[in-house]
Amino acid sequence: MFQPFLQHLEKELFSRFTLSSRPIAPELEFQISQRGKNPAMIESWCYQCPQLRKIRYTYINAGETAQIFNSVIYPSYQYDLPLLGVDFLAFGQKKILVVLDFQPLFRDPDYLEKYIKPMAPIREKYNELAQDLEMKFYDANQYFSPYLLFAKTDAQTVVNRLFPAYQEYLQLYWQLVEQAQPKTDPAEIERIVKAQKDYDQYSAERDPASGLFSSYFGHEWSEEFLHEFLFEDAVSVPVAAEKK
Ligand code: BLA
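Since the model is a prediction, treat every value here as computed from it, not as a measurement.

Student: Honestly, the overall build of the protein in this entry has me stumped. Any pointers?
Tutor: Counting its regular elements, the protein contains 9 helices and 8 strands. Relative to the globule expectation of 18 Å for 244 residues, the C-alpha radius of gyration of the protein, 18 Å, shows essentially globular dimensions. If you line up the protein on its principal axes, its C-alpha atoms span 50 × 45 × 35 Å. Burial analysis of the protein (244 residues in total) assigns 49% to the buried set. Counting contacts in the protein only where the partners sit at least 6 residues apart, residues at least 24 apart contribute 64% of the total. Roughly 12,200 Å² of accessible area belongs to the protein as shown, and the carbon and sulfur atoms make up 52% of that amount. The protein carries 25 positive and 34 negative side-chain charges, and their two centres are separated by 3 Å.

Student: Explanation requested: the environment of Pro121 in the structure shown.
Tutor: Position of Pro121 among the secondary structure elements: in helix H4 (residues 120-125). With relative accessibility at 55%, the residue Pro121 sits in the exposed group. Sequence separation between Pro121 and Leu13 is 108 residues, and the spatial gap between their C-alpha atoms is 24 Å.

Student: When you look at the packing of helix H1 (residues 3-16) against helix H5 (residues 155-179) in this model, what are you seeing that I'm missing?
Tutor: Packed helices, taken two at a time, are described by the angle their axes make and the gap between the axes. The interhelical angle for the contact between H1 and H5, taken along N-to-C directions, is 20 degrees, at an axis separation of 11 Å. If you check the angle between H1 and H5, you find them roughly parallel. Remark: the crossing between H1 and H5 carries right-handed chirality. Contact residues: H1 offers Pro4, Phe5, His8, Leu9, Glu12, Leu13 and Arg16, while H5 offers Val158, Leu162, Phe163, Tyr166, Gln167, Leu170, Gln171, Trp174 and Glu178.

Cut-offs applied
- Residues numbered from 1 in each chain as written.
- Predicted model: local features only at pLDDT ≥ 70, side-chain atom pairs only at ≥ 80, totals over all residues.
- Heavy atoms only, no water.
- Helix = DSSP H or I, 4+ residues; strand = E, 2+ residues; numbered from the N terminus.
- Rg over C-alpha atoms; globule rule 2.2 N^0.38 Å.
- Buried < 20%, exposed > 50% of the residue type's maximum accessible area, 1.4 Å probe, protein only.
- Contact = heavy atoms within 4.5 Å.
- Areas by Shrake-Rupley, 256 points an atom, 1.4 Å probe, with all protein chains shown as cover.
- Lys, Arg positive; Asp, Glu negative; His and termini not counted.
- Charge placed at Lys NZ, Arg CZ, Asp CG, Glu CD.
- Axes fitted to C-alpha atoms, helices over the stretch in contact; angles between N-to-C directions.
- Parallel < 35°, antiparallel > 145°, perpendicular 65-115°, else oblique.
- Left-handed = near helix turned anticlockwise from the far one by under 90°.

And the structure:
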């Protein structure tokens, strides 16, 4: 269901940036599970380039049961740009959840004006994909923008509306990357480093996918995938402390 989204991202990345691979541990890069009634495959890719320090995306293919495309782009530390976040999930034809956002690192008015407000016209155009749903796992006021796409939808809307919306959001994101001025003040850069680390910490602690990963690939694999690939800058809670 979301393969064309992955292909579009790849095509864009390879045509616009000079990418180099960020190696992924082989057991995390590709995994196949025979636990459920359908085999589940998970595959991930990771790159970097001078402007973007970590570009990762993951595809889960469990046939009719689940199709998931998840991606985060982390800009290099000298840019205070928001992260690009994509989470598209289809559990059969009936339950399709899509989330797309420029995830802000800071929330001051100047920041929002510069990086978030430009999303407004696109979001306006795709109103049916911005449903103002309640978040159960995350706090909508942390690392989410007011112009995120967040919708429960159907397969037809994915093709006819989500795909063009996704293309427009990506286009705008590349434009922001292109225009971004690198910071040189070490204190400013340190603030960005900290904000990106906090994002990983926050996300690793709340990720609603850990149960899904565990059910397909086991608890141990799931923990490793979360902490060594998805959110590698999160500090994991030692098991002993967790049990107290
Ligand atoms: C929700 N994301 C979810 C859910 C799952 C995932 C299983 C719960 C769906 C449900 O309600 O049943 C899946 N999350 C994943 C997967 C990965 C992951 C497969 O990190 C990694 C491979 N999530 C993101 C990013 C965004 C995001 C980058 O990873 C930002 C665009 C958003 N996911 C997001 C939101 C929800 C969600 C807002 C709804 C959660 C809520 O209600 O609080």
